[in-house]
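Spelled out, the chains give:
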Amino acid sequence: MRLDKYLKVSRLIKRRTIASEACGNGRVIVNGRVAKASYEVKPSDIIELRFGQRTLKVEALNVSEHATKADAPAMYREVTG
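Predicted model only: the values in this text are computed from it and were never measured.

So, how was this worked out
Residues numbered from 1 in each chain as written. Predicted model: local features only at pLDDT ≥ 70, side-chain atom pairs only at ≥ 80, totals over all residues. Heavy atoms only, no water. Helix = DSSP H or I, 4+ residues; strand = E, 2+ residues; numbered from the N terminus. Buried < 20%, exposed > 50% of the residue type's maximum accessible area, 1.4 Å probe, protein only. Contact = heavy atoms within 4.5 Å. Areas by Shrake-Rupley, 256 points an atom, 1.4 Å probe, with all protein chains shown as cover. Lys, Arg positive; Asp, Glu negative; His and termini not counted. Charge placed at Lys NZ, Arg CZ, Asp CG, Glu CD. Pairing = 2+ DSSP bridges.

I'd like a description of the overall build of the protein, backed by residues and values.
Counting its secondary structure elements, the protein contains 2 helices and 5 strands. Start at the N end of the protein and walk to the C end: the helices and strands fall as α-α-β-β-β-β-β. Across its three principal directions, the C-alpha atoms of the protein cover 30 × 30 × 20 Å. Within the protein, the proportion of its 81 residues that are buried is 36%. Residue pairs at least 24 apart in sequence account for 38% of intrachain contacts in the protein once pairs closer than 6 positions are excluded. Accessible surface, the protein: about 5100 Å² in total, of which carbon and sulfur atoms supply 49%. Averaging the positions of the 16 positive and the 9 negative side-chain charges in the protein gives two centres separated by 5 Å.

So, in structure tokens, the structure goes:
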């Protein structure tokens, strides 16, 4: 699944267009590299999102095309450190 779609389906970012812009502006890092919106997300990928001063680091656990609001948090886990 494309990175921008994964960010939207997992509800890490609210809209796909905003997710795509974040990737284009270099604010999304996957496995230590700046990633484009077209990057194919795989389970165990480490995704870092930078929002101003805040950085959110998560590990992709599940990649599914559709997820309900209740199922979305099961798609990733927050990584500390």
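Please provide a residue-by-residue account of the sheet that holds strand β4 (residues 54–60), values included.
Pairing is antiparallel in the open sheet, where 5 strands are placed in the order β2-β1-β3-β4-β5. Looking at the sheet topology across the chains shown, the edges are occupied by β2 (33–34) and β5 (76–78). Here 3 bridges tie strand β1 (residues 28–30) to strand β3 (residues 46–51), and the two strands are oriented antiparallel to one another. Of the residues in β3, the one forming a bridge with I29 is E48.

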